[in-house]
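Notes for the structure review
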Amino acid sequence: MMAASLLRRDKKSTAAHLKADLKRTDNSSGLRQLQELLDSVLNPERGSDPEALEWCKWLLAGGDGFDEFCRTVRSYDNATLCGLVWTANFVAYRCRTCGISPCMSLCAECFNNGDHTGHDFNMFRSQAGGACDCGDGNVMRESGFCSRHRLKTGENVPSVPRDLLLMSEMVLPRFIITIIQYLRDGYTEPESAADRDLQKVLQQLELHISFLEELTKMGGAMRTVLTKILTNQQTFKELSMGQEENVYAKRSYEKYLSALKSSGLVSVEEKGAGGAGAGATDPPAGAGAGALSLLGATAAASLEDSSKEEDQDGLQGVGQRKRVKLSSSTKDPSIMDTLKHKCFLEELLFWTIKYEFPQKMVTFLLNMLPDQDYKITFTKTFVQHYAFIMKTLMKSHESDTMSNRIVHISVQLFSNEELARHVTEECQLLDIMVTVLLYMMESCLIKSELQDEENNRHVVVNCGEALLKNNTYWPLVSDFINILSHQSVAKRFLDDHSLLLLWMSFVSFFQGMNLNKRELNEHVEFESQTYYAAFAAELEACAQPMWGLLTHCKVKETQEYTKTVVRYCLETLQMWFDAIGFVDEPSLNQLTFHLPLHRYYAMFLSKGVKCQGLDLDSLLPDQEMLMKIMVHPLQIQASLSEIHSNMWVRNGLQIKGQAMTYVQSHFCNSMIDPDIYLLQVCASRLDPDYFISSVFERFKVVDLLTMASQHQNAVLDSEQERPMLEGALTFLVILSSLRIHLGMSDDEILRAEMVSQLCMNDRTHSSLLDLIPENPNPKSGVVPGSCSFEEMLSGVADFKAPVFEPGGSMQQGMYTPKAEVWEKEFDPIMVILRTVYRRDVQSAMDRYAAFLKQSGVNTGNPWPPYKERTPLHPCYKGLVRLLHCKTLHIVIFTLLYKIWMDHQNMSEHVLCMVLYLIELGLDNQVQDDKVEEEPCIEEHCHDSWFPGTSLLSNLHHVINYVRVRVPETAPEVERKRERERERETPPSTSSESATYGQNLREAQVFSLVAERRRKFQEIINRSNHEASQAVRPKSSSARWLPPGSPPQLVTEILEIRESMLSLLVKLHQKLSAKQNSLSLSWLAEVDPAHHAHGDGLTAIERILAKAAARSRHSKRCLQDICGKVCPPVPPKKNSPGDKKSMDKEERRQRARERQQKLLAEFASRQKSFMETAMDVESPEADAVMDMGSAEPLESEVLYDCVICGQSGPSTEDRPTGLVVLLQASSVLGHRCRSDTPKRLPTTDEEHIYPEDTCGATNDVRLSLMQRYFKDSSCLQSVSVGWDGGVYVQTCGHTLHIDCHKSYMESLRNDQVLQGFSVDKGEFTCPLCRQFANSVLPCRPGRGIETGTWHTPSTKSMSTLVKEVEDLQEQLGIFPVSASMESNLSKEMESVIKDIKNTTQKKYMDYGKNPGSPDNDFLFMYSVARTNLELELVHRGGNLCSGGASAAAKRSCLNQLFHVLAMHMRLYSIDSAYNPWTRLTQNTHSRETEFCDDERPEVPMLFRDVPSLLIIFILTMPQPLRKEHFTCVVKVLYSLQYTQALAALSIRFSREERLAWSNTGAAKKNTPNSDKSWESLLGHVICELTKAKDVYDTNSEEALMLSSSVWSPQSIEFTLQQFCLPFLRLSCLLQHHLYGDSLPGCQVEEEFSLLTGCLSLTASVQSSGSMSSAACLDWNFNAFDLINQWCSEVIALSSTPSQQSVSLLVQDPQWAAPRLLHLPDNYNTIFQYYHRKSCTSCGKTPKDPALCLVCGAFVCLKGHCCKQQGVCECVLHSQHCGAATGIFLLVNASVIIIIRGHRFCLWGSVYLDAHGEEDRDLRRGKPLYLCEERYRVLEQQWVSHTFDHINKRWGPHYNGL
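In what follows, the accompanying structure is described.

Definitions and limits used
- The numbering scheme is per chain: residues are counted from 1 as the chain's sequence reads.
- For a predicted model such as this one, the threshold for reporting local features is a pLDDT of at least 70, and the threshold for listing and counting side-chain atom pairs is 80 or more; totals across whole chains, interfaces and linings nevertheless cover every residue.
- Water and hydrogen atoms were dropped before computing side-chain values, which therefore reflect all heavy atoms in the structure.
- Put simply, DSSP marks the helices as runs of H or I at least four residues long and the strands as runs of E at least two long, and each gets a number from the N terminus on.
- Each residue gets one of three labels from its accessible area relative to the maximum for its type: buried under 20%, exposed over 50%, partly exposed in between, using a 1.4 Å probe on protein chains only.
- Note on contacts: a residue pair is in contact if any heavy atoms of the two residues lie within 4.5 Å.
- Only the protein chains shown count as cover for residues, and the accessible areas themselves come from Shrake-Rupley with a 1.4 Å probe.
- A 1.4 Å probe that fits but cannot get out identifies a cavity on a 1 Å grid over protein atoms alone, an open set with protein on both sides within 12 Å along at least five of seven lines counts as a pocket, and a residue lines either if it has an atom within 4 Å of a point.
- Grid points are joined across faces, edges and corners, and a volume is the space filled by probe spheres set on the points.
- Only Asp, Glu, Lys and Arg are considered charged in this grouping, and only Ala, Val, Leu, Ile, Met, Phe, Trp, Tyr, Cys and Pro are considered nonpolar; every other residue, Gly among them, is considered polar.
- The charge count includes Lys and Arg as positive and Asp and Glu as negative, but it does not include His or the ends of the chains.
- Salt bridges are defined by distance alone: a side-chain nitrogen of Lys or Arg within 4 Å of a carboxyl oxygen of Asp or Glu.
- For two strands to count as paired, DSSP must find a minimum of two bridges between them.
- To obtain an axis, a line is fitted to C-alpha atoms, over the contacting stretch when the element is a helix, and the angle between two such axes runs from 0 to 180 degrees between their N-to-C directions.
- For classification, angles of less than 35 degrees are called roughly parallel, those exceeding 145 degrees roughly antiparallel, those between 65 and 115 degrees roughly perpendicular, and all remaining angles oblique.
- A clockwise turn of the near helix away from the far one marks a right-handed crossing, whereas an anticlockwise turn of less than a right angle marks a left-handed crossing.
- Here the aromatic set is Phe, Tyr and Trp, taking the six-membered ring for Trp, and pairing holds for ring centres within 6.5 Å; pairs whose planes are under 30 degrees apart are stacked, those over 60 apart are edge-to-face, and all others are tilted.
- Counting as a charge over the ring demands two things of the Lys NZ or Arg CZ atom: a distance within 6 Å of the ring centre and an angle within 35 degrees of the ring normal.

1. Remarks on the overall build of the protein chain
Within the protein chain, the secondary structure is distributed over 76 helices and 31 strands. Buried residues in the protein chain amount to 56% of all 1856 residues. Restricting the contact set of the protein chain to residue pairs at least 6 apart, pairs at least 24 apart contribute 79%. Carbon and sulfur atoms provide 52% of the accessible area of the protein chain, an area that totals close to 79,400 Å².

Structural data, given as C-alpha cells:
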C-alpha cells in the first residue's frame, strides 16, 4: 500500500516530495497520496498520539523545518490588531480615557508602549479572561494605540506566495475533523457517566488543540487559511458525514446527531421531514410561526419530560414551594430548539459548549478573532448557539467557571458596536436574548403570595433556587446590558413593541419576589439569606438594563421611546394589580422590597420630564391608578420604620440586612430613589389630605395623634410609637424636601451626594467613589461627567494628607468637608436618606456640632440645620400642597400641643421634624392662594379646625375646644369630675348653659382614618356627590382591637385656646426654661438669616420671624401673645406637666455636672498614669527614670510591683525584676560603610552585594584570626552578635518574680488571649500591656554606685594599674558554692538561659569546640556589646544629643550588666594569659616559654579594644570603683591610639612614611614626646618596618588610597575619628554604671567632650586645639610598650603578610542601618518582579515577596521552596534578620513583618495620588512611595519596636 511505504520514509523527504507533487497543475496523484497518508496517520481509531502531530508539522512545512516555516509565515503577518488572549488572573490594563466601550482592555506590553500619561487608567487582574483591544478602533480611540499597532501594518506586508500555505490548506481540514470526531466519540450523556470522563477526553486532545493555538499565533496569513477551512461548508459536508465506504465517519456522525437530540435540539433536516420549508437552509424570521405549529408536538413533549425532572428537583427545592410552569406560547420556540451546523466552526463551537467551555478551546476560538471574516462568522455562530449555551449553563455543576468562559467570549464580540448592530439586524440577537432570559427564569417560577394568598395569579421567581442564588443568569444579563450600551441596538429594542412587551413580562417575574411576612409570635427558626439573591437579581437583571436604556433617552428626539415604555409599564402594572387581586388596602404584615415595574415607570417618567421636555400629566394614569401605584412604595417606607423600631425583630437579622441593602449606595438609586420619586409624583397629583392621612395610617400612628394625654393603640406597643412617629414625620420631610428627581441638575445631585457622604465621616477617595451612586453619574466608562467628580471634590472638600499617630496606626489620605460646606450645604435630610447605619446620622451631627464649636457659634446641642431647597420643576408644583392641607396642620397643631404638655412618647426629634415641616410650608407657599390678611370670623369654623389651607394663615388661628375620645382612667376625665364637684349646683342661668352648649358645638373632632376614607370615596365617586356624604366609613380602630378588656373610651371636651403661634412661643419658653423668653422688642430686631445654625430655640425663633415677616396678621398676633406672656406675674400653674418638666431639667443639669466632674477626675488620673507609664514614641521625655532616682541616695532602691502593688527593695530571697523583651537582632550586622542605602534591583543588571556589611566583615575577621591564632585568645579579641545578637529592652515596670510566676500561670489557664504564646514565656506587661518575654532580676542594694565610689582619685596611674591587676587576681575567690544558692542567683541563671534561647545556635557557637567556656564567655560579653552599640544607634550614632534619650529612660543596661557579670565570674581568666599585663608591663621574659606546636596568641594590635573594655569591666568584682574604671579606659585608650597610628601608617605612600618617620625621630627626644602623635607615629613606622613586608604588600592599593597629601590636620582628624567609637562606648558604659549625665554638644566637639567625661583630659578644651595624643596617659615607657606590641606582629612569620595587614587595618566606623532604597513608582517593582521566576525552584511564584533588608526574592507560602516544613519567608527571616523579616508582597503592595513565630500585616508604603493604600492592587491605580511611611518602618526596625507598635499579630505556623 502506498501510504504504508510513505509512512516508513522519513517525514521530511516525504513532505517535500508531496509538496512538489501538489504544486504541479495536475496534482491528482499527489492529492491521492496525501489523502491516503493522512488516512493512516490521522486514523481516529488509533487514539491521539504525538506521532500524528509530528507528521502534521512536517507536512505543513513541506520539507522545511517547522520552526523555519513558522518564521516565514510570521513575516507575512498583516494583522493590525493585537488580539492577545489571556485567561483569569492575568494582569491587564484599562484606560477609561481611551476606551469607547467600558469593557476595553490592553495587555501590559501595548499599555506601556502607548502614551497614557494623565489618563484615567488602572491595572486589574482579569476575572474571566479577556483579549487585548489595541488596534481596534471600534472599542478604543486610536490615540491610545501602542506604537506597534498605531501603524496600519497591513499595507506594507508582501502578499503570501501561493505555495507557502498550500499544504496547510490540504492537511488542516483533516486535522480539524479528527479533533471533532474525538469530541463526538468521547461525549457521553452526563447521566450515564461521571463528568470527569469529559476531562479525560479533553486531556487527550490537549496537544492537538495547543497545536491549533500555535498556528493562530503565526499571524494573519495563517489565520486567513484557518478561517477559510473553518467556514467552508463544502469541506464540512464531505468530511463530517463521511463518504460511503468510511464506516467510522458514519458512526461518528450518528453520535453527533444523537448528541444534538439529547440536548433537546432538533437539527433542521428532521424538521424538513415534517414538511416545513426546510429548503431554505436558514429559516427566515417569518418562518417562526410555521416552526411553531410544527414544533407544537416537540415543545409539548419536552415540557412533559422536563416537568418530570423538575418535580424531582422541586422536592429538594428551597422553601418546598411548587414550581409553576408557563405555557410556551409567548415565545418563538425555534429560538430555543433548533440548531444546524454547516461548517467546522459551528460544530466546534457546539462541542465547546457541550464540554462546558474548556479553556484551551476558548483560547483557540478567541485567538482567531483578529481575522475580520472569522469574527463575523463566529459571532453569528455564537448567537445561533445562544439558547443552547444557556441550557448547558443551567445544567452545569461548574456554572461559575463556565460563566466566566462564556463572558470571556461574548464580551469580545458584543463590545463592538458595528458587530453588535450587524448581528442584531441579521440574526435577531435581541429576540434571542430576551427569549433566552425569559426561558431561563421560567424554570424557577412560583406562585406569588402577595396580597391575596389563595387566589393570586401572579408568578415570581423563587430566590431560593440555585439559578438565582448562584447568579447563574449573570453572563446572559451582562451580555444584554453590554449590547444595550450601543445606541443603534438600544433603539431597535425600543422600537420593537413586541420585544418591549416580552421584556416587561420578564421584569414582572421579579415584581414582589422574596416576600417577607412579619413574624408575630415565635422567632423564625431559619433565617433565609435569599435576600442577597433577590437584590442582586433586581439590580442586575432589571435595573442595569433599565439604566442602559435610559442613557439613550436623553434628548427630545427620543420622546416616543419614553412614551412607549411608560405606556407598557402602566399596562403591565395594571395586569399585576389584577393578578394579585389588589383593591385599595395593602395586606397587613407583608413586605417586599422588589417593585421593578414601579421603578421602571418612575425612572422613565423622571427622564421624560427632565431631559425630553415631556408633560408629566400626559404620562400619568387616572387618580384611581395613582392611588394603587402609591400603596406599595409607601408600604416599604413604613416598613423601614417598623424594622428600625424592632417590630420585625422575630424575623431575624436578615430583615435588617434587607432594609440596609435597600438604601445602600449601590442600590439606592435603583430602589429607594425611584420609590420616593414615585411617591412625590403621587403626592403632587392626589388629594393632599388623602395622602397625608394615608401616610399616618401606614405608619400606624393614627391613634397617637390625639390631644388626649392617654390613648389606646391597637397596633403598636408603646415603645414603638415614638420611633414610628419620628419615622412618619421624617418621611414627610424627605418627601417634601428631596429634589433629586424634581429639578436638580446632575451636577447638583453629585454635589449633594458627595456632601452627605463627607459629612458622615471623612472619606478616602476610593470609598467616596464607591459610596456615590453610579447613576445618574456613572464613574466608569467614558462619560464627559466623569471628570467633574474631581472638580466637584476639590470644591467641597479639603484633602488631609496621610499622617501618623504616635501609636503607629497609619492613616490614609482623607477628604474632609470645607468649612463653608458645613455652614451652607450640610443637609441632614439627605444624610438620613443615605445612611445605612443609624449611627452615621449621629456621627454627622457630632461632626457638625464640633464644627460649630470650633467656629465659635456656641450652642449647647445644635439641631439639624434647615436648608433652603432648589426650586421645584414646574411639573411638580402640586407637591407643595402637601404642606398646605388641613390634615397636616391638625397633626402639627396636635403634636405641638402634646410636646408642650409633655405627653408620653414625644421626643426632640419629633419637635425638630414638626418645625421643619412648618418651615418648609412657610418657604413654599401655594401660589394661587391669596394670604388672608383679615382675621376671619370664628363663626365659619364649626365643622373644620382651620379656615383655609394656607399654613401662613392657619398659624395664628386659635382653636378653642377639642373633643377627644379618652379611656375612663385618663386625667382629663378626672379633671372634668373635679370641675363638676366644684360646681355642685346645677347651672341655673340659661346663659351659662348656653355657653357650655356652644362649646360642645365648637369642639373639633378629628379622625384621620375617617378623613382618608372620605377622600378615597370622593375620588372614586367624583360624579355622585351625595353618596360620598352618605357613606360613613366604619372606624378602623374597631377592626384592630385586640382581645382583652381595655378601659371604655369616653368622649371629653378639652379647652385649648391656643394657636400654632402661641404654642410655638410657649415651647420656646419651655425650652429656654424662662418665663418671658421672647420679649416684645425681640421681633423688631430679628433677622432670619442670622439663625441658620443653633438649637431648638433658634429654630423656633427663625420660624416666628419668618411668619412675622410674611404676614402682618401673624406679626400682630405674635405681639399680642408675647405681650400677654411678658408681664412677670407669678406663673399660674399651666399644667402639672410644666412643673414636672422644670424639675426634670434641673435634675438633668445636676446629673450632667456630676458626670463632668467624674470625667475630669478620670482624665487627670489617666494623664498621670500615661506620664509614669511608657509611651513608645516620646524621645523628649524629661524625667530620667533610671532605676532608682536621679539624686544619689544612700538608701536601698525601692521597686513597685505592678502586680501586687507593694513597694520594697529587691532581696536575695524575694527578688524584684524588670519586665523585658529579649529579641535576637541583626540590625547592627546590616550596617554598611556608606550613608546612602543600597537600591532594590529592578533590572537584571542591578545586584546587591552583601559582603560589605558589618556582620560579614566581622565574620571574616574572626575566621581569619582563628586560622592563625590560639582559639581561646581569638574568642576574646572580637565581639560577635552583630548578626543574631540579643537585644534587651524594657518598659521600665518592675514586678516580684514570684508574682510574675503566678501571673504566667493565670495566663496559661486563660486561653482567650492569643497573639502571643504563653508556653514560650511571652506575656504583656500587666500595667502598660507592652509585649515581653522575660524578667531581668534587679540586684539588691543601691541602684547606682554612689558616695565613695565616685570620689575623684588622687592615686597615681601606676598604683591604680596595680590595684586593677589585684582585683582581677581575686576572681577565683568568689564564693559560688552550692550552699549559697539563693532565689536571686537561680533567677539570674534562668535569665541567662532565656538569653541563650533567644537567638539561634549558630549565632552562639564561634569557637572550634562548641559549648566550651570560651565560647560562652564570648557570647556573654557580646550581649553587653550589642546592647551598647544598639543604644548608640538609637541615639543617632553619636553622643552629641546627650541627655537621657527615651532609650536611656527605660534602659536596663545596668541590670543586664550585673546579671552578665554574675555569670562571667564562673570563668576565671588564666593569669598567664591575662591581657591586662600585656597592656601595662614589659613581658618579654615569657616569650620563650611557648611550645612550638601551640599557636600564638592574638597580637594586641589586632584585638578589638571595646571588647577588651567590656571583658575587663564584667570580670572585675562589682561594684567597681570609678577610679578603676577610668584607669582601664586610659590603658585601653593608649592601645586604641597605637592601633590608629598603625592603621594610618599603612595608608601612607612610601615617601610619606619616610618623611613622617624622620619627623618623629626628631621629636622623640623632646619632653612629653609620648604625648605627641608625630613622635609616636614615627616610632610605629620604624618598628613595623622591621616586620616582614607589612608595608610592601599593598603599595599599589595604598597609592590609590592616598592620592591626597596628608597634612597634620588631616592626620589628627583621622586619629580622632578612629578612636571615637571606643570613646563613645566607654562613655555610655560609664553613664549606665555610675549615672553620669551626658551633656550634649556640637558634632565637632564630640571628641573633646567625651575625653573630658572619661577624665582622660584634666579640663575640657575646644576641639580645634584639641590634640588626641594629649589624652594619652602611659603608666610605662610609651616607646617600650609600643615596641613590645609591634614585636608581637613582627614575630608572626607564619601568617601571609596580606592577612596580617588586613587585620591591622580595621575601621571601627559604620553608618546607621538602613533599609533598601525603593523606586518611587510601584509599577517599576511590580513589572520586574511579578513574573520573575523563583531562584530556588525556577517557577513563577504565586505570591512573590521581597526582603526589604537585603533584597532577596522569595516565595510567600510557596510549597516548592519549603525545607523541613518551613516556608521560604520564615526561613529567610531567620537567616537574614535572626527571626525578624520585613517583606514586601509584590502582588499586594503591602508589607508583612515576621517576628519569631508571629507575623503581622504592617500596611503599605506605597500610596496612590490620593494618599490611599491599594491592598492586593484591587483598584490598580498608580502607586508612589510614601517617604514618611517608609521612614517609620525603618525606624521601627532599627528601634526593635515592631512588637509594641503593631497590634494585630497572629501565629504563622511556618507557613509563610
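After that view of the structure, there is still more to cover.
2. Considering empty space enclosed by the protein
Tallying each qualifying case throughout the model produces 19 cavities of 30 Å³ or more. Roughly 190 Å³ of internal volume is contained in the largest cavity. If you go around the largest cavity, you meet 19 residues; those closest to its centre are Cys132, Asp133, Asp136, Lys375 and Gln412. Here the lining of the largest cavity is composed, by residue class, of 11 nonpolar, 5 polar and 3 charged.

3. Some points on the side chain of Arg739
One can find Arg739 in the loop between α35 (718–737) and α36 (746–760). Here Arg739 occupies a buried position and makes no salt bridge, while the nearest side chain of opposite charge, Glu868, is found at 9.1 Å. Those residues in contact with Arg739 that sit more than four places away from it in its chain are Met744, Arg869, Thr870, Pro871, Leu872 and Asn924.

4. So, the sheet that holds strand β27 (residues 1791–1795)
Within the open sheet, the 6 strands sit side by side as β25-β24-β26-β27-β28-β31. Their pairing is antiparallel. The strands lining the two open edges of the sheet, one partner per strand, are β25 (1753–1755) and β31 (1850–1851). As defined by bridge partners, strand β24 (residues 1744–1747) adjoins β25 across 3 bridges and the pair is classed as antiparallel. Bridge pairing links Pro1744 to Cys1755 in β25. Against the sheet, helix α75 (residues 1827–1838) engages β26 (1780–1785), β27 and β28 (1798–1803), with an angle of about 155° to β28.

5. Some points on the packing of helix α69 (residues 1608–1634) against helix α70 (residues 1646–1653)
One way to put it is that α69 packs onto α70 with a least axis distance of 9 Å and a crossing angle of 40°. For the element pair α69 / α70, the angle class is oblique. Our pair here, α69 against α70, has a crossing hand that is left-handed. Along its contact with α69, which presents Gln1616, Cys1619, Leu1620, Leu1623, Arg1624, Cys1627 and Gln1630, the element α70 presents Glu1646, Phe1647, Leu1650, Thr1651 and Cys1653. In terms of residue class, the contact of α69 with α70 is built from 7 nonpolar, 3 polar and 2 charged.

6. Considering the packing of aromatic side chains
In total, this model carries 50 aromatic pairs according to the counting rule given. The interplanar angle of 90° and the centroid separation of 5.9 Å between the aromatic rings of Tyr256 and Phe350 together place this pair among those described as edge-to-face. One end of the pair, Tyr256, is in helix α12 (residues 247–262); the other, Phe350, is in helix α16 (residues 344–354), and 94 residues separate them in sequence. Note on accessibility: Tyr256 and Phe350 belong to one class, buried. Between Phe480 and Phe493, the aromatic rings sit 5.7 Å apart at their centres with planes inclined by 80°, giving edge-to-face as the arrangement. Of this pair, Phe480 sits in helix α24 (residues 474–484) while Phe493 sits in helix α25 (residues 487–495), and the two are 13 residues apart along the sequence. The exposure class assigned to Phe480 is buried, which follows from its relative accessible area of 1%. For Phe493, a relative accessible area of 0% corresponds to the buried category. Through successive ring pairs, a cluster of aromatic residues spans Tyr253, Tyr256, Phe350, Trp351, Tyr355 and Phe388. Directly above the ring of Phe124 sits Arg94, whose terminal nitrogen or CZ lies 4.5 Å from the centroid. The ring of Trp1710 carries Arg1233 above its face, with NZ or CZ at 3.7 Å from the centroid.

7. Some words on the sheet that holds strand β23 (residues 1334–1337)
Read from one edge to the other, the open sheet built from 3 strands follows the order β20-β19-β23, with strand pairing classed as antiparallel. Since the sheet does not close on itself, it has two edges, and those belong to β20 (1285–1296) and β23, each with one partner. Strand after strand, the sheet turns through a mean of 40° between neighbouring axes, direction not considered. Sheet topology note: the strand β19 (residues 1216–1225)/β20 ladder contains 9 bridges and is antiparallel. Bridged to Gln1223 within β20 is Tyr1287. Packed on one face of the sheet, helix α60 (residues 1413–1434) meets β19 and β20 and runs near 85° to β20.

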